[in-house]
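Here's the letter readout for the chains.
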Amino acid sequence: MKYYITGTRRGLGKALKDTYGSVDTLEECDVFINCKHNGFDQVELLYKAAELGKRIINISSNSGDGNKKSPHIYAVQKAALDKANEQLYYQGINTTCLRFGYFDTPRVAHIKEKKMDLDYVVEVVLWVISQPYRIKDLTVTP
């Protein structure tokens, strides 16, 4: 199985690439792991991957669930990813949104809340991919 993973310079994307490798383009892959947050780019890439008929794993966030106490554009962007995933899922696309709580990476080192181990998060991603049935979304928090 060939993966195309975005956001591979650090954090979860890097851990996934180090574990499973990544091809250079979306067109080459069997599974697209939509990991890099960059504004609404994740939504655009989701639609492109759907058009190409790829198996899609979107790395979202539980911040889009409206649990943040103060308005933040990140939560809005992740909520848009969740809704686009839902729309495509019900159109029959094999797409999954994974909403994680904090996991242990340098990006969130300053946050004192409990965090999941990065290796565990990688295992969850691959567990979802290995399932024989479609999974619309999954939220995992510490």
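Computed from a predicted model, the values in this text were never measured in an experiment.

Chemist: For the nonpolar core, give the residues involved together with the corresponding values.
Modeler: Among the nonpolar cores identified, the biggest contains 24 residues, and L12, I33, I57, I59, F100 and V125 are the most heavily contacted of them. Those elements giving two or more residues to this core turn out to be β1 (3-5), α1 (11-20), β2 (31-34), β3 (55-61), β4 (95-100) and α4 (118-130). In terms of residue count, the dominant contributor to this core is α4 (eight residues). In this structure, V23, L26, A49 and C97 belong to the second largest nonpolar core, which totals 15 residues.

Chemist: Let's hear about the packing of α1 against α4: which residues, and what values?
Modeler: How two helices pack is summed up by the angle between their axes together with the distance between the axes. Axis separation between α1 and α4 bottoms out at 10 Å; the angle between their running directions is 65 degrees. Judged by the inter-axis angle, α1 sits roughly perpendicular to α4. As α1 packs across α4, the resulting crossing turns out to be right-handed. The residues of α4 that touch α1, namely those facing G11, L12, A15, L16, T19 and Y20, are L118, V121, V122, V125 and L126.

Chemist: Please provide a residue-by-residue account of a positive patch on the surface, values included.
Modeler: A contiguous patch of positive charge on the surface is contributed by R9, R10, K36 and R107. In this structure, R107 sits in the loop between β4 and α4. Taking the relative accessible area as the measure of exposure, R107 reaches 55% and is therefore exposed.

Rules and cut-offs
- Residues numbered from 1 in each chain as written.
- Predicted model: local features only at pLDDT ≥ 70, side-chain atom pairs only at ≥ 80, totals over all residues.
- Heavy atoms only, no water.
- Core = buried A, V, L, I, M, F, W, Y, C linked by side-chain atoms within 4.5 Å.
- Buried < 20%, exposed > 50% of the residue type's maximum accessible area, 1.4 Å probe, protein only.
- Helix = DSSP H or I, 4+ residues; strand = E, 2+ residues; numbered from the N terminus.
- Axes fitted to C-alpha atoms, helices over the stretch in contact; angles between N-to-C directions.
- Parallel < 35°, antiparallel > 145°, perpendicular 65-115°, else oblique.
- Left-handed = near helix turned anticlockwise from the far one by under 90°.
- Contact = heavy atoms within 4.5 Å.
- Patch = residues over 30% accessible without salt bridge, like charges linked within 9 Å, V, L, I, M, F, W, Y side chains within 5 Å.
- Areas by Shrake-Rupley, 256 points an atom, 1.4 Å probe, with all protein chains shown as cover.
- Salt bridge = Lys/Arg side-chain N within 4 Å of Asp/Glu carboxyl O.
- Lys, Arg positive; Asp, Glu negative; His and termini not counted.
- Charge placed at Lys NZ, Arg CZ, Asp CG, Glu CD.

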